[in-house]
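Listed here are the chains, written in short residue letters.
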There are 2 protein chains.
Amino acid sequence: MNFPTPEAAESAFYAAFQTRNLEAMMAVWANDDSIVCIHPMAAPLDGRAAVAAGWRSMFEAAGQFRVHVEIAHEIRETTQVLRIVREFLVIGRESEPRPPILATNLYRKEGEGWHLVLHHASPLQVGGTPATRTPAAVLH
Amino acid sequence: MNFPTPEAAESAFYAAFQTRNLEAMMAVWANDDSIVCIHPMAAPLDGRAAVAAGWRSMFEAAGQFRVHVEIAHEIRETTQVLRIVREFLVIGRESEPRPPILATNLYRKEGEGWHLVLHHASPLQVGGTPATRTPAAVLH
């Protein structure tokens, strides 16, 4: 499957995530083993087999949820586009989203299509003030 | 300052981090406002002024520490190199490193030199098994 823009690939990524559709999810990723997926707090998953296994486990464990995404930052190059987004998940019948997840998504153009090569997701502590943290907490 | 390889830029980055040298730190970053720095759990800092302010605050708050870095994954393109590393910090007189931080570092080649354009650092929960997490914890 070819996505004409990074935005199209990103929409397909979050649609596959929300519908827990593994085939659609893996169609968004580049078709080579350079890909890497980092779920929050977890070690990197390298290559298509590991990335697919990670999503399969997650989809099997997850109940119904909705995800809303906001762009926070973008770096556009000719054949690579980096998008940093905030993911807001609303789980089950909850009315409020969970604290956001921050994700760095890197897309690569190959031929006429764009695919995902990196997804690095991590918790975002709302209202966190890293400037005032001390080394005793999280230094960096 | 020009770094001949992404590895040279990365070494300079962690040397500047460890020595809390703001000038050396900012020399590693690309000289434009597309840069973005994400400290663990914190919101993205966009552009040179915000990135510098973040490091200044952190350097002022931090005591002595050492940092050891291990490469976990790499994606090499002609003019961009992505390196995912584990950062191990040993703080003050502690003998053991803190739990690792996972960082995605993206370097861009401009002219003959490589510079950092993205640093996304996040906590890595050692031994974490994302596959078994339930939506009630961290879904994704």
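Up top is the structure.
Residues numbered from 1 in each chain as written. Chains lettered and ligands numbered in written order. Predicted model: local features only at pLDDT ≥ 70, side-chain atom pairs only at ≥ 80, totals over all residues. Heavy atoms only, no water.

## Side note on the sheet that holds strand β6 (residues 113-123) of chain A
Residues and elements named next belong to chain A.
Logical step 1: If you walk across this open sheet you meet the 6 strands as β2-β1-β6-β5-β4-β3, and the pairing is mixed. The sheet terminates laterally at β2 (45-46) and β3 (65-76), the two strands that pair on one side only.
Logical step 2: Of the pairings in the sheet, the one linking strand β5 (residues 101-110) to β6 comprises 10 bridges and is antiparallel in character. In the sheet register, Tyr107 faces β6, and the bridge partner there is Leu116. (Pairing = 2+ DSSP bridges. Helix = DSSP H or I, 4+ residues; strand = E, 2+ residues; numbered from the N terminus.)

## Comments concerning the relation of the copies chain B and chain A
Logical step 1: Least-squares fitting of chain B to chain A yields an RMSD of 0.0 Å, with the transformation described by 0.0 Å of translation along the axis and a rotation of 180 degrees. Such a turn and shift between the copies fits a two-fold axis. Minimal C-alpha distance to the rotation axis in chain B is attained by Ser122 of chain B, lying at 3.0 Å.
Logical step 2: Both copies share a contact surface, since 100% of the interface residues of chain B are interface residues in chain A too. (Least-squares fit on C-alpha atoms with pLDDT ≥ 70 in both. Contact = heavy atoms within 4.5 Å.)

## Re the packing of aromatic side chains
Residues and elements named next belong to chain A.
Logical step 1: Inspection of the entire model under this criterion finds 14 aromatic pairs over all chains.
Logical step 2: Aromatic side chains Phe13 and Trp55 sit 5.7 Å apart centroid to centroid with 80 degrees between the ring planes, which places their arrangement in the edge-to-face category. In this pair, Phe13 sits in helix α1 (residues 6-19) while Trp55 sits in helix α3 (residues 47-61), placing the two residues 42 residues apart along the sequence.
Logical step 3: The class of Phe13 is buried, set by a relative accessible area of 0%.
Logical step 4: A centroid spacing of 5.0 Å and a plane angle of 55 degrees characterise the contact between Phe17 and Phe65, whose relative ring orientation is tilted. Within this pair, whereas Phe17 is found in helix α1, its partner Phe65 is found in strand β3, the two being separated by 48 residues in sequence. Of the two residues examined, Phe17 and Phe65, each falls in the buried class.
Logical step 5: An aromatic cluster of three or more residues is present, and its members are Phe13, Tyr14, Phe17, Trp29, Trp55, Phe59 and Phe65. (Phe/Tyr/Trp six-rings, centres within 6.5 Å; stacked < 30°, edge-to-face > 60°. Buried < 20%, exposed > 50% of the residue type's maximum accessible area, 1.4 Å probe, protein only.)

Purely geometric stuff here, so don't read any function into it on its own.
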